[in-house]
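Chain by chain, the residues run as shown.
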Amino acid sequence: MLRKLNVEEEFVRGNDIEELLQRLKSKLDDKYLVVLDDVWGTGERKWWESLKSALPKVRGSYVIVTTRNEEVATSMGATDKRIHHLQILSNENSWSLFEKVAFARKGGKCTNKNLEGFGKEIVARCGGLPLAIKVVGGMMFGKGDSIHDWRQISEHLKEELEISKKVEPVISSLELSYQELPTHLKPCFLCFAMFPEDFEINVVDMINWWIGEGFVCGRNGKTALEIGEDCIAELFNRFLIVGVGKDELEIRFFHCKMHDMVRDMVVKIAREESFFVSLDSGGRPAFSEQSRRVGIVRNTVEITGNSSKLRTLVGMEIESEEIIASVKPKLCKVRWLRVLSLSLSPLLRMHVDVVTEDWLSGIGSLQHLVYLKIENSALRTLPDSIRNLHNLQILCLIDCPKLERLPPSITTLEKLTAISIFHCSSFECMPEGLGKLSNLERLFVFRPVNSICRNGSGISQLKTLTRLRELWMEIKSDEQIEEGEWNVLSMLHHLQFLNVNFHGSSLKSDGFVMKIDSEISPPLKYLRELHLWGYPGEKTPAWLSPTSLPNLQFLSIYGGRIRQMGHSFWDNKNAVWKVEVLVLSNLEEMDEEWPRMRSAMSSLRLFKVYQCPMLKSFQFEVTIDDCRWCIWRKEEEGEEGENSVIKV
């Protein structure tokens, strides 16, 4: 609560409970509303009495408690007239919700009358509870029209309820949904048990973990990364995870969470199957010789034994320097480790240099390591012993402001499929020889060789990385690209995502613009998503055309000097745009007609615009000086086809 009230972190971490309560009381000296969400357990009176002492009796102030247990509410002093009981869904609404989920591919309606009877039996056993209905609906989503499967699920759910005699149909539906998961999805789902309640889980991190453990791997022409994305999508469809923080193109979720009851279920199953370490008697995870997977959350871990069986070590928002120090001597002993992911608290990094090159000195002994992630560290480079990690596939270094370079030996790790260097402001360029890593599928961020970093890789090195699916480039100076080099992108036959950030005063020269203003031949036929930041030309480049990008679906242009779309943008004689989402942002000089753009992009369904005051014939609802995001959606057009603009 103090953190929510912006009390400094040093005070929160450095004082006892009485001092914290006094500070809270001083902060709530005016009218307030406090919501305590999802309170558990009937023995809550002790902590509640303590907290209540810090809640001043101010007229008009309220405390709201949400709980699934009425005894909790009464133990905290709520009288009958103050308790609000949520109503369950009616039979009609229950069936409607189930239809929308289970028959999403058919417009949210059951068109097979033979299935409707079994479907309504299943819904009836969910007791009108939305979570149970959505989870079971998600489970039936992939069952198709097999009457046998529907009858079996209905009978199975009935048996679960009768045998266990559970009062909450949600529990039975959740456990059944786990039993019905495909075999390959079960260990993937159990990984979520490692994370604390309400934790926002990075989707890419989770997929990387699965790859590291070997739970997903490439098959049937798909890479491991693509298989991992399919697994995430299936868990979404089954409502076992929910998305958080959708990107501004509204095409993907960066993070996900679990409903508390889903998490309770997965934690229970994970412990029963000894999937990860159980809690010790003190309520903290014990890092012991029998541990195969251990999660460190902030300060909650004990480290004992040599942990020779450890396969996965995941640290989340670690706040304790002591924990980091205690992990260091273990690195040379956990020889079978496959996943090492350490994310430190930004506050810890601000106060002390942790996870430096010295800290990682023992990493060379982890010859089975597949996935390495370090976040919020004081690294300047990686130790050269990383050359020994011949099984390393994924390397992520995030928010490491002192990181300047990677050791040249990184180019000998031929199994690398992903390198992500994000928010590392001092990073200069990739080491020379990057082209040797022919298995790379993801490269974030690629900074070509420059005057500061002479012994690095230029853009020409990309031509051998023919498996690249995702590429993020940053161009800061004219010298980073030679004449004719830009066409190297045409050799990346599997590229699906491209983000190019142009920033630097020398890029505004006509000479630089000419270097990158030409058709890409052959076209990037697999590219689906393109982001351009700070493009220095007054017109969009010749390669921004439906001919060069025949299957582009998402296009965003942020900042820069662009006044008009280039001639090739409008050229639809040989190809037509398939772009569905278009974002224009901070283009102060953009002097184009919105109706013309919309006509050129006939597949467009979403258009987002921000700070483009010269854009003509677009019905802004805010003044130029106070311009916010405005959105046009195709499905929200009126009957006569007028723009539908939403101010956000």
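Residues numbered from 1 in each chain as written. Predicted model: local features only at pLDDT ≥ 70, side-chain atom pairs only at ≥ 80, totals over all residues. Heavy atoms only, no water.

### A look at the sheet that holds strand β4 (residues 242–246)
Now for step 1: Taken together, three strands build an open sheet; the order of strands is β3-β5-β4 and the sheet is antiparallel. Each edge of the open sheet is held by one strand with a lone partner, namely β3 (201–202) and β4.
Now for step 2: One ladder, built from two bridges, connects β3 with strand β5 (residues 253–257); its direction is antiparallel. In the strand pairing of β5, isoleucine 201 is matched with cysteine 256. (Pairing = 2+ DSSP bridges. Helix = DSSP H or I, 4+ residues; strand = E, 2+ residues; numbered from the N terminus.)

### Notes on the pairing of strand β21 (residues 630–633)
Now for step 1: A two-sided burial pattern is seen for β21, the buried positions comprising Cys630 and Trp632 on one face and Ile631 and Arg633 on the other.
Now for step 2: Examined bridge by bridge, strand β20 (residues 606–610) and β21 share four bridges and lie antiparallel to one another. Within β21, the residue paired with leucine 606 across the bridge is arginine 633. (Buried < 20%, exposed > 50% of the residue type's maximum accessible area, 1.4 Å probe, protein only.)

### A look at the pattern of salt bridges
Now for step 1: Taken as a whole and judged by the stated rule, the model has 24 salt bridges.
Now for step 2: Linking arginine 469 and glutamate 470 is a salt bridge whose minimum nitrogen-to-oxygen distance equals 3.6 Å.
Now for step 3: Using a relative accessible area of 5% as the deciding quantity, one classes arginine 469 as buried.
Now for step 4: A relative accessible area of 14% means that glutamate 470 is categorised as buried.
Now for step 5: In this structure, glutamate 580 engages arginine 605 in a salt bridge whose closest nitrogen and oxygen atoms are separated by 3.0 Å. On the criterion of sequence distance, the pair formed by glutamate 580 in the loop between α17 (567–570) and β19 (581–585) and arginine 605 in the loop between α18 (594–600) and β20 is long-range, its members being 25 residues apart.
Now for step 6: A cluster of three or more residues bridged by salt bridges with shared partners is formed by Glu226, Glu229, Arg442, Arg469 and Glu470. (Salt bridge = Lys/Arg side-chain N within 4 Å of Asp/Glu carboxyl O.)

### Here's the deal with a nonpolar patch on the surface
Now for step 1: A cluster of nonpolar side chains, namely Leu33, Val35, Tyr62 and Ile64, defines an oily patch on the protein surface of about 410 Å² accessible area.
Now for step 2: Counting through the fold element by element, leucine 33 comes out in strand β1 (residues 33–36).
Now for step 3: The exposed category is assigned to leucine 33, whose relative accessible area is 56%. (Patch = residues over 30% accessible without salt bridge, like charges linked within 9 Å, V, L, I, M, F, W, Y side chains within 5 Å. Areas by Shrake-Rupley, 256 points an atom, 1.4 Å probe, with all protein chains shown as cover.)

### Points about the side chain of arginine 263
Now for step 1: Topologically, arginine 263 is positioned in helix α13 (residues 260–272).
Now for step 2: Of the buried charged residues, arginine 263 lacks a salt bridge, with aspartate 264 as the closest side chain of opposite charge at 4.3 Å.
Now for step 3: Every residue in contact with arginine 263, bar those within four places of it in the chain, is listed here: Phe195, Pro196, Glu197 and Met258. (Lys, Arg positive; Asp, Glu negative; His and termini not counted. Contact = heavy atoms within 4.5 Å.)

### Digging into helix α6 (residues 113–124)
Now for step 1: Compared with an ideal rise of 1.5 Å per residue, which puts 12 residues at 16 Å, α6 spans 17 Å between its outermost C-alpha atoms and is within 8% of the ideal.
Now for step 2: Of the positions making up α6, those classed as buried are Leu115, Glu116, Phe118, Gly119, Ile122 and Val123.
Now for step 3: Its side-chain oxygen 2.9 Å from the backbone nitrogen of asparagine 114, asparagine 112 forms the N-cap of α6. (Expected span 1.5 Å × (residues − 1). Polar contact = N/O pair within 3.5 Å; in protein donor to acceptor, adjacent residues only side chain to side chain.)

### A look at the packing of aromatic side chains
Now for step 1: Summed over the entire model, instances satisfying the criterion amount to 25 aromatic pairs.
Now for step 2: Taken together, a centroid distance of 6.4 Å and an interplanar angle of 80 degrees make the contact between phenylalanine 98 and phenylalanine 103 edge-to-face. Judged on exposure class, the residue phenylalanine 98 and its partner phenylalanine 103 are both buried.
Now for step 3: Here phenylalanine 569 and tryptophan 577 contribute two aromatic rings whose centre-to-centre distance is 5.2 Å and whose plane-to-plane angle is 45 degrees, an arrangement assigned as tilted. Comparing phenylalanine 569 with tryptophan 577, the two get one shared label, buried.
Now for step 4: Put simply, the rings of Trp486, Phe502, Phe512, Tyr535 and Trp543 pair up and form one aromatic cluster.
Now for step 5: Residue placement shows lysine 120 over the ring face of tryptophan 95; its charged tip is 5.5 Å from the ring centre. (Phe/Tyr/Trp six-rings, centres within 6.5 Å; stacked < 30°, edge-to-face > 60°. Lys NZ or Arg CZ within 6 Å of the ring centre and 35° of its normal.)

### A few points about the environment of methionine 194
Now for step 1: One can find methionine 194 in the loop between α10 (185–190) and β3.
Now for step 2: Sequence separation between methionine 194 and valine 314 is 120 residues, and the spatial gap between their C-alpha atoms is 8.5 Å.
Now for step 3: Contacts of methionine 194, omitting those with residues within four sequence positions, involve Trp209, Phe276, Arg293, Val294, Gly295 and Met316.

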